[in-house]
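# Fold and geometry: a report
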Amino acid sequence: MTKYIFVTGGVVSSLGKGIASASIGKLLESRGLKISIIKCDPYINVDPGTMNPYQHGEVYVTDDGAETDLDLGHYERFTNARLGRENNITTGKVYHSVIMKERRGEYLGNTVQVIPHITDEIKSGIRKVARTSKPDILIVEIGGTVGDIEGLPYLEAIRQFSLEEGRENVVFIHLTLIPYIRSAGEIKTKPTQHSVQKLREIGIQADILLCRSEFPISKEAREKIALFCNMARDMVFQAIDVETVYEIPLIFGEQGLDTQVLKRLGIKAKKGDLGKWQEEVVDRIKSPKRKVKIAVVGKYITLQDAYKSIYEALIHAGIYHNAKVEIKRVDSEDVSRIGAASNLEDVDGVLVPGGFGSRGIEGKIDAAKFARENKVPFLGICLGMQTAVIEFARNVCGMKKANSTEFDRKTRYPVISLIEEQKKVKDMGGTMRLGAYNCSLKDGTKSREAYKRSEIPERHRHRYEFNNRYRTDMAKKGLIVSGTYKKADLVEIVEVKGHPWFVACQFHPEFRSKPDKPHPLFRDLVGAALTRQFLRDKEE
Ligand code: GLN
């Protein structure tokens, strides 16, 4: 029988509920339990696929092709849970489903209301994951902050849920902020008291508090928090700021969070051991032996979260090589304004990530050119691959003004274009080429060498494709097609012949990288960058 942990957040957003939920998952897995995680997002979009990165950050794609919240990325990086469409519940999805049922007459003449119909739909979404994934513990993170209007139906739903499943089978964990007020020279517990109180008004008594704070919280302060929040003192945990997020499962573990959770749920489990995680992930991040600089050339580099999985995948590759990957965020529009050389001269590798729309495109093309000509290790991802192909067509194959039809519909050389299927698409939401497809790798290529396999599944999110009409011509000039999706004869990976490491893929490898299992392409990009750095240092 599945038991449940509900994670809510108080006081302010961005406290790291996603990381906290993922860390709890990691801790419980270390005790031999099977877990799964759901993110509930109170917005009315059906999924974040149609939102721009300024609104939402990265859109995380699962194997089954769902466009989901980036917290699912944290869950997958920290745990072994296999996540898909059902692991992200949104208000848009919930209402969509309820309205469809109403149109089919399934509510038998009743007035359809938030309670019970919307709340029932939320609960059935949670139960569905329990039924299909059969975890010992299902962690459900409620997005937003307690007190938000949009979040109310979710809180009401989990309140009902805890009664239906039995209060002893449910733990409510509340993540909150304990701010330090400099002028008073002390931490303040009042906002936390209020947010726990707000939860109580709704009928939810938090069982466990995770207190985010810059400084350690004293025993006295903890006692005070416990008293005002109506809970035992040992249920107040601190989540102090750390150097790397991968340390958080250790911090929680040291304080016995997993033990308290299991005690409450009446689950007996073996002892946990995160020693390997500590040694092979956390310690390596904290004391790297060398440093390497990789430029990420994109148009959303000012945003923290737009390339979240890419930044994490670079860190993972660094862990593998015992190197700190210093990420130089380069604005692609700057590259076209002031030139690639001045932006990229000092880096050991270049990564051009995915994206949509024409802004910043020429800068990405220039970055690929710079990397190709100067033999700088290069990884292009999705749009980064498409711009690398455009660059190669223009500057190596002499196809003047070659482009993707996304940016120039009438280009003479549409080296990237829509396949027939995509031309028919009218709706924007959920209609791209999405999710995992198998890619076959060509022997003797960098990609084949990286993966050490001939067939690999990778996740996609794009509409445009390499135009096969140009394949032979470009191959003649040295563009190697090293990966294809055989069923539809689509180009998935290209490489530049004679370059130390120039690989560009149509899929998103960043979604499959974990701290203790770096993605082969990221691993080898960073490896090649370290080699280049070594050779450059020797020359100097
Ligand atoms: N805009 C491009 C396409 O739709 C690339 C998408 C991406 O980088 N995710 O094909």
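Now for a description of the structure that goes with this document. These numbers come from a predicted model, not from an experiment.

Aromatic rings considered in pairs are described by the distance between their centres and by the relative angle of their planes. For the structure shown, the criterion picks out 15 aromatic pairs. On the numbers, 6.0 Å between centres and 40° between planes, the contact of Phe78 with Trp277 is tilted. With Phe78 in helix H3 (residues 71–78) and Trp277 in helix H11 (residues 275–286), the pair connects residues that are 199 residues apart, well separated along the chain. Phe78 gets classed as buried once you look at its relative accessible area, which sits at 2%. Aromatic rings pair up to connect Tyr4, Phe6, Phe161 and Phe172 into one cluster. Over the ring of Tyr437 we find Arg433, and its NZ or CZ is 4.4 Å from the ring centre.

Now for the side chain of Glu67. Of note, Glu67 is situated in strand S4 (residues 67–68). Looking at Glu67, its side chain comes within polar contact range of the main-chain nitrogen of Gly430, at 3.5 Å. One polar contact links Glu67 to Arg461, side chain to side chain, over a distance of 2.6 Å. Ignoring any residue separated from it by four or fewer positions in sequence, one finds Glu67 in contact with Asp47, Pro48, Gly49, Val59, Tyr60, Gly430, Met432, Leu434 and Arg461.

A separate point is the sheet that holds strand S16 (residues 403–404). Ordered in space as S16-S17-S20, the three strands form an open sheet in which the pairing is mixed. The open sheet has two edge strands with one neighbour each: S16 and strand S20 (464–466). Against the sheet, helix H16 (residues 383–395) makes contact with S16, strand S17 (414–418) and S20, and its axis sits at roughly 145° relative to S17, the strand it touches most.

Another aspect to go through is the nonpolar core. Grouped together as the largest cluster of nonpolar side chains are 84 residues, with contacts concentrated most on Ile5, Ile24, Ile126, Ile137 and Leu210. For this core, the element with the most residues is helix H1 (residues 17–30), which contributes six residues. Not counting the four nearest positions on each side in its chain, Ile137 is found in contact with Thr2, Lys3, Ile5, Leu28, Leu33, Lys34, Ile35, Ser36, Leu262, Leu265 and Ile267. Listed in part, the 42 residues of the second largest apolar core include Leu344, Ile361, Phe370 and Met385.

A few words now on unusual backbone geometry. Cis geometry marks the peptide bond from Ile115 to Pro116, where omega comes out at 10°. Inspection of the secondary structure assignment puts Pro116 in helix H5 (residues 114–133).

Taken together, nine strands build an open sheet; the order of strands is S13-S12-S14-S15-S23-S22-S21-S18-S19 and the sheet is mixed. Bordering the open sheet on either side are strand S13 (323–331) and strand S19 (455–462), each of which pairs with just one other strand. Recorded for the sheet is a direction-independent mean angle of 25° between the axes of neighbouring strands. Examined bridge by bridge, strand S18 (residues 433–441) and S19 share eight bridges and lie antiparallel to one another. Across the sheet, residue Ser440 finds its bridge partner in S19, namely Glu455.

Thresholds applied
- Residues numbered from 1 in each chain as written.
- Predicted model: local features only at pLDDT ≥ 70, side-chain atom pairs only at ≥ 80, totals over all residues.
- Heavy atoms only, no water.
- Phe/Tyr/Trp six-rings, centres within 6.5 Å; stacked < 30°, edge-to-face > 60°.
- Helix = DSSP H or I, 4+ residues; strand = E, 2+ residues; numbered from the N terminus.
- Buried < 20%, exposed > 50% of the residue type's maximum accessible area, 1.4 Å probe, protein only.
- Lys NZ or Arg CZ within 6 Å of the ring centre and 35° of its normal.
- Polar contact = N/O pair within 3.5 Å; in protein donor to acceptor, adjacent residues only side chain to side chain.
- Contact = heavy atoms within 4.5 Å.
- Pairing = 2+ DSSP bridges.
- Axes fitted to C-alpha atoms, helices over the stretch in contact; angles between N-to-C directions.
- Core = buried A, V, L, I, M, F, W, Y, C linked by side-chain atoms within 4.5 Å.

Without other data, these values stay purely geometric and don't point to any function.
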